[in-house]
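Descriptive analysis of the structure
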Amino acid sequence: MTTPADEILDIVDEHDQVIGRSPRGEAYAKGLRHRCVFIQARDAEGRLFVHRRTPTKLVFPSLYDMFVGGVVGAGESYDEAALREAEEELGVSGLPAPRFLFKFLYDDGTGRSWWSAVYEVRCDLPVRPQAEEVAWHDFLPEAAVERRLSEWEWVPDGLAAYARLREHRAAS
């Protein structure tokens, strides 16, 4: 039986060019730069999908996130990964293709670094998040998410993506 740690990822350089491949667990342990997708999902009322990760997640267990997403598999495009991850984490099928917004290099200075493609999608379907990925979830108005930024412990890469998304929208 394979585990998430066994999933093969493309390893990329500072220009997002593939320079090798590695199992996810090894990439995390050695701090190898890879690719991730962040998808902001909103319901028909414009509320954001927010969730708390399960304690068994390899990275940032039990923290809150305002994005669904995850790693881009070896040979997979950002767009393919965005749709796959959104459908998997929301527990839906038939989701419209997430809309690409921008890409940035996340680097926390401690060996965690990944190219991050940010997307948005509207989800009008009833969600059934994966129990092994999501411990709690709800659709919250953005103002409620903003209030909770200082109250809840959030995944740091999601906070970085959210800050860049606010800047991106302000500049548009």
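Quick note: structure is the one above.
The sections below set out a description of the structure shown in this document. (Residues numbered from 1 in each chain as written. Predicted model: local features only at pLDDT ≥ 70, side-chain atom pairs only at ≥ 80, totals over all residues. Heavy atoms only, no water.)

Let's shift gears to the overall build of the protein chain. Summing up its helical and strand segments, the protein chain has four helices and nine strands in all. In sequence order, the protein chain lays out its α and β elements as β-β-α-β-β-β-β-α-β-β-β-α-α. Compactness check: the protein chain gives a C-alpha radius of gyration of 15 Å against a globular reference of 16 Å for 172 residues, within 12% of the reference. For the protein chain, long-range pairs separated by at least 24 residues make up 62% of all intrachain contacts whose partners lie at least 6 apart in sequence. For the protein chain, the accessible surface area stands at approximately 8,500 Å², while carbon and sulfur atoms represent 51% of it. Averaging the positions of the 21 positive and the 30 negative side-chain charges in the protein chain gives two centres separated by 2 Å. (Helix = DSSP H or I, 4+ residues; strand = E, 2+ residues; numbered from the N terminus. Rg over C-alpha atoms; globule rule 2.2 N^0.38 Å. Contact = heavy atoms within 4.5 Å. Areas by Shrake-Rupley, 256 points an atom, 1.4 Å probe, with all protein chains shown as cover. Lys, Arg positive; Asp, Glu negative; His and termini not counted. Charge placed at Lys NZ, Arg CZ, Asp CG, Glu CD.)

With the rule as written, the count across this model stands at 16 salt bridges. Residues Glu120 and Arg169 are paired through a salt bridge, measuring 2.5 Å at the closest nitrogen-oxygen approach. Separated by 49 residues along the polypeptide, Glu120 in strand β8 (residues 113-122) and Arg169 in helix α4 (residues 156-171) bring together distant segments of the chain. (Salt bridge = Lys/Arg side-chain N within 4 Å of Asp/Glu carboxyl O.)

Purely geometric stuff here, so don't read any function into it on its own.
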